[in-house]
Amino acid sequence: MIFADDAVIKIDSVILPGLLKSIEIKGDAQVDEQEVEGKSKKPKQATGYEDSKINIELILENDDKMTRLDKLVTIQQLFKRAGQEKPELHQIISEDIALRGISQVIFKSMTHKAENKKQQIAVTLEFWEYTAMTITASTSASNSKSSAKSTAKTADSNLTKEYQNYLTTRGSSPKLQKTPAQDSGASTSSYVEKAHAIMQ
């Protein structure tokens, strides 16, 4: 098997160490299928593109500059450093990847395999293309307020003029008498007197 030892892939400013065994870039279109009653063939509608996936296979061996373990640590530091809680956004630089229009990626997964008899480590890296998205939440809030106002206006317009005049001139509701639980300072006899007065 021939490895491309002159191929260079950079993550930010770090060159991925090791021999490049393979690089695979996969992109998919987003296509929705609709169910139509009475038809076996489903109509399809193209809606966009999925983020591309990049798989890179490396072989790490000892050389004059670094051991295979040092190379593995270098890649691990790109994937996840000590104390790092979330994946970071990286710039990826490669001729093959640039031809597909990809420049920013998330380091999705890292797998390595060391065989007992071979003095080398096989590493598989997966990157996902990153596409920035802008989300605005203020628009929906303003729309809900305007829709609530329009609903209130519609409700008012359905009322007759006489009933609208009644609503504006009806005044306030009468005040309720305090109960014994509400007025703990009053004596029992005063409540009895009030009850007799109301009954008469």
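Structural data are supplied above this passage.
Residues numbered from 1 in each chain as written. Predicted model: local features only at pLDDT ≥ 70, side-chain atom pairs only at ≥ 80, totals over all residues. Heavy atoms only, no water.

## Regarding the overall build of the protein
Let me state the cut-off plainly: Secondary structure elements follow DSSP: runs of H or I of four or more residues count as helices, runs of E of two or more count as strands, with numbering from the N terminus. Only heavy atoms enter the contact rule, under which two residues are in contact if any of them lie within 4.5 Å.
A count of helical and extended segments in the protein gives five helices and nine strands. Each helix and strand of the protein, placed in order from N terminus to C terminus, yields the pattern β-β-β-β-β-β-α-β-α-β-β-α-α-α. Within the protein, contacts between residues at least 6 apart in sequence are counted, and of these 57% link residues at least 24 apart.

## Looking at the nonpolar core
Soluble globular proteins tend to bury their nonpolar side chains together. Rules: Definition of nonpolar core: a set of buried residues of the types Ala, Val, Leu, Ile, Met, Phe, Trp, Tyr and Cys, connected through side-chain atoms within 4.5 Å. Relative accessibility decides the category of a residue: with a 1.4 Å probe and only protein chains considered, values under 20% of the type maximum give buried, values over 50% give exposed, and everything between is partly exposed.
With 22 residues, the main nonpolar core has Leu 16, Ile 56, Leu 58, Ile 75, Leu 125 and Phe 127 as its most contacted residues. If you list the elements that add at least two residues to this core, you get strand E3 (19-26), strand E6 (53-61), helix H1 (68-79), strand E8 (104-114) and strand E9 (120-129). Excluding residues within four positions of it along the chain, Ile 75 makes contact with Leu 16, Pro 17, Leu 58, Leu 60, Phe 107, Met 110, Val 123 and Leu 125.

## Observations regarding the sheet that holds strand E7 (residues 89-93)
Worth spelling out the cut-off: A pair of strands counts as paired when DSSP detects no fewer than two bridges linking them. What counts as an axis is a line fitted to C-alpha atoms, over the stretch in contact for a helix, and the angles between N-to-C directions run from 0 to 180 degrees.
Taking strand neighbours across the sheet as the criterion, the seven strands line up as E2-E1-E7-E8-E9-E6-E3 in an open arrangement whose pairing is antiparallel. Each edge of the open sheet carries a strand with a single partner, namely strand E2 (14-15) and E3. Contacts from H1 reach strand E1 (10-11), E2, E6, E7, E8 and E9, with the element oriented near 150 degrees to E8.

## Looking at H1
What counts, and what does not: One less than the number of residues in a helix, times 1.5 Å, gives the span that helix is expected to have. Working note: the arc is built from the helix axis to C-beta atom directions.
Across its 12 residues, H1 extends 17 Å between first and last C-alpha, which sits within 8% of the 16 Å expected from 1.5 Å per residue. Residues Arg 68, Lys 71, Leu 72, Ile 75 and Leu 78 constitute the buried set of H1. Take H1 and look down its axis: the buried residues cluster within an arc of 115 degrees, on one side only. On its buried face, H1 is in contact with E1, E2, E6, E7, E8 and E9.

## Notes on the side chain of Lys 71
Note the following rule: As used in this structure description, the phrase polar contact means that two N or O atoms lie within 3.5 Å; if the pair is within protein, one of them must be able to donate a hydrogen and the other to accept it, and residues adjacent in sequence are counted only when both atoms belong to side chains.
One can find Lys 71 in helix H1. For Lys 71, a relative accessible area of 6% corresponds to the buried category. Within the local environment of Lys 71, its side chain forms a polar contact with the backbone oxygen of Glu 61, the two atoms lying 2.7 Å apart. Those residues in contact with Lys 71 that sit more than four places away from it in its chain are Pro 17, Gly 18, Leu 60, Glu 61, Asp 63 and Met 66.

## Thoughts on the packing of aromatic side chains
As a reminder, the rule being used: Pairing of aromatic side chains here covers Phe, Tyr and the six-membered ring of Trp, requires ring centres within 6.5 Å, and sorts the geometry by plane angle: under 30 degrees stacked, over 60 edge-to-face, intermediate tilted.
The full count for this structure, using the stated rule, is two aromatic pairs. Aromatic side chains Phe 79 and Phe 107 sit 5.0 Å apart centroid to centroid with 70 degrees between the ring planes, which places their arrangement in the edge-to-face category. Here Phe 107 lies in strand E8 and Phe 79 lies in helix H1, a separation of 28 residues in the sequence. Looking at Phe 79, the relative accessible area reads 24%, which means it is partly exposed. Pairing Phe 107 with Phe 127 gives two aromatic rings, centres 4.4 Å apart and planes at 35 degrees, and the pair type is tilted.

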